[in-house]
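Spelled out from the first residue to the last, the chains are:
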Amino acid sequence: MTNFHDTSALPGPAILRSEVDVAAFIRASNARIIMLDGRPGHGKTFLMKRLRTQLACAGLDADDYVAKKTDKFVGAIRTDELRGDIERELAPADRVIISSVCAGLLIEKLSLSPAILIYVKKTSDVRYESIVSQPEIDHDAPHEGEYIKPGLHTEVENYHRTFNPRGKADALYYWPESLEF
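Worth saying up front: this structure is predicted, and the values here are computed from it rather than measured. (Residues numbered from 1 in each chain as written. Predicted model: local features only at pLDDT ≥ 70, side-chain atom pairs only at ≥ 80, totals over all residues. Heavy atoms only, no water.)

K.L.:
Looking at this model, I keep getting lost on the nonpolar core. Mind explaining?
P.N.:
Nonpolar side chains in soluble globular proteins generally cluster together in the buried interior. In terms of nonpolar packing, the biggest core is built from 33 residues, with Ile 33, Met 35, Ile 86 and Ile 98 touching the most fellow members. Residue assignment for this core shows that the elements contributing at least two residues are strand E2 (33–37), strand E3 (58–61), helix H3 (79–90), strand E4 (96–99), helix H4 (103–110), strand E5 (115–123), helix H6 (150–163) and strand E6 (171–176). Each residue touching Ile 86, except ones within four places of it in the same chain, is listed here: Ile 33, Leu 60, Val 96, Ile 98, Leu 110 and Leu 112. Ile 34, Leu 47, Leu 55 and Trp 175 belong to the second largest nonpolar core, which has 21 residues in total. (Core = buried A, V, L, I, M, F, W, Y, C linked by side-chain atoms within 4.5 Å. Buried < 20%, exposed > 50% of the residue type's maximum accessible area, 1.4 Å probe, protein only. Helix = DSSP H or I, 4+ residues; strand = E, 2+ residues; numbered from the N terminus. Contact = heavy atoms within 4.5 Å.)

Structure (structure tokens):
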């Protein structure tokens, strides 16, 4: 079982409706390690880059640590290099934000604790309205038109089925397609 940061004093899992809400949630958590999880192409890295500027903290994209020419993710991560960079970035900074698919498994693999997990999903404007009005329903179907390599697709689908990142997240950030990144 993953050991996420204790957010019991926070309202959560929170539905975060804006980037400002995400930044406020992170500030309120006092967590040093923030993981942005979600399917490929849903804006995790874009959000991480914007948040690291707003929060004046470090940001890393786990994609930069994947061995090239492979269609898997967690098994292809150069964990020692990523762990070293996380520790190096935390030394001068209050926190580090990491964007990653399969982030819950990465937290476990790297033994990162305490960490908070924010699930990020880009969705249609119509689905967005449904999501924010019915947060108790699992709206986590793959994004229409999304393409990822077959092996990675299988890994991401298995991760969502077995780990349930949306259910284990400390916060959910859904954003409508009309907000381009």
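K.L.:
Which parts of the structure should I look at to understand the packing of helix H1 (residues 19–29) against helix H2 (residues 44–54)?
P.N.:
Between two packed helices, the angle of one axis relative to the other and the distance separating the axes together describe the packing. Packing of H1 against H2 leaves a shortest axis separation of 11 Å and a crossing angle of 60°. Considered as vectors, H1 and H2 are oriented oblique to each other. For the pair H1 and H2, the sense of crossing is right-handed. Residues Glu 19, Val 22, Ala 23, Ile 26 and Arg 27 of H1 form the contact with H2, whose own contacting residues are Leu 47, Arg 50, Leu 51 and Gln 54. Taken together, the residues of the contact of H1 with H2 sort by class into 5 nonpolar, 1 polar and 3 charged. (Axes fitted to C-alpha atoms, helices over the stretch in contact; angles between N-to-C directions. Parallel < 35°, antiparallel > 145°, perpendicular 65-115°, else oblique. Left-handed = near helix turned anticlockwise from the far one by under 90°. Nonpolar A, V, L, I, M, F, W, Y, C, P; charged D, E, K, R; others polar.)

K.L.:
Sorry if this is basic, but what is going on with H1 here?
P.N.:
In an α-helix, one full turn covers 3.6 residues, which means residues spaced three or four apart are oriented alike. When we look at burial in H1, the residues that qualify are Glu 19, Val 22, Ala 23, Phe 25, Ile 26 and Ser 29. End-on, the buried residues of H1 take up no more than an arc of 160°, which puts them together on one face. Buried residues along H1 sit in contact with strand E1 (14–16), E2, H2, E4, E5 and E6. (Arc of directions from axis to C-beta.)

K.L.:
Sorry, what's going on with the packing of aromatic side chains here?
P.N.:
Geometry of an aromatic ring pair is reported as the spacing of the ring centres plus the angle between the planes. Counted by the stated rule, this structure contains 1 aromatic pair. A ring pair is formed by Tyr 159 and Phe 163, whose centres lie 5.1 Å apart and whose planes are at 15°; its orientation type is stacked. On the criterion of helical spacing, the pair formed by Tyr 159 and Phe 163 is a turn pair, its members being 4 residues apart in helix H6. Comparing Tyr 159 with Phe 163, the two get one shared label, buried. (Phe/Tyr/Trp six-rings, centres within 6.5 Å; stacked < 30°, edge-to-face > 60°.)

K.L.:
Hey, could you run me through the pairing of E3 in this one?
P.N.:
Along a regular strand, successive side chains alternate from one face of the sheet to the other. Every second residue of E3 is oriented toward a common face, with Ala 58 and Leu 60 on one face and Gly 59 and Asp 61 on the other, all of them buried. Alignment of E3 against E4, held across 4 bridges, turns out to be parallel. Paired with Asp 61 across the two strands is Ser 99, which belongs to E4. Taken together, E3, H3 and E4 form a β-α-β motif whose crossover is right-handed. (Pairing = 2+ DSSP bridges. Right-handed = clockwise from strand over helix to strand, strands pointing away.)

K.L.:
Please clarify how the pattern of salt bridges should be interpreted in this entry.
P.N.:
Pairs can form between side chains of opposite charge once their charged atoms are near each other. This model, assessed by the stated rule, comprises 5 salt bridges. Here Glu 81 ties to Arg 78 by a salt bridge, and the two come within 2.7 Å at their closest N and O atoms. Residue classification places Arg 78 among the partly exposed positions, given a relative accessible area of 31%. One salt bridge in this structure joins Arg 83 and Asp 80, with 3.3 Å as the shortest N-O distance. In this pair, Arg 83 and Asp 80 are both assigned in helix H3, 3 residues apart and thus about one turn of the helix distant. Exposure remark for Asp 80: the relative accessible area of 61% places this residue in the exposed category. (Salt bridge = Lys/Arg side-chain N within 4 Å of Asp/Glu carboxyl O.)

K.L.:
Hey, could you run me through unusual backbone geometry in this one?
P.N.:
Outside of glycine, negative phi angles account for most residues, and trans bonds account for most peptide bonds. Notably, Asn 30 is not glycine yet its phi reads approximately 60°, a positive angle. Looking at where Asn 30 falls in the secondary structure, it is placed in the loop between H1 and E2. Of note, the phi angle at Asn 164 is positive, near 55°, even though the residue is not glycine. Assignment of secondary structure puts Asn 164 in the loop between H6 and helix H7 (165–168).

K.L.:
I would appreciate a short explanation of the confidence of the model for the protein chain in the present structure.
P.N.:
Detail in the predicted coordinates should be disregarded across regions flagged by low pLDDT. A residue-level look at the protein chain finds 76% of positions with pLDDT of 70 or above and a mean pLDDT of 80. Counting interchain partners and residues more than four positions distant, the pLDDT-below-50 stretch residues 1–12 has 28 contacts. Scored below 50 in pLDDT, residues 137–148 shows 31 contacts in the model against residues more than four places distant or in partner chains. (pLDDT = per-residue confidence, 0-100.)

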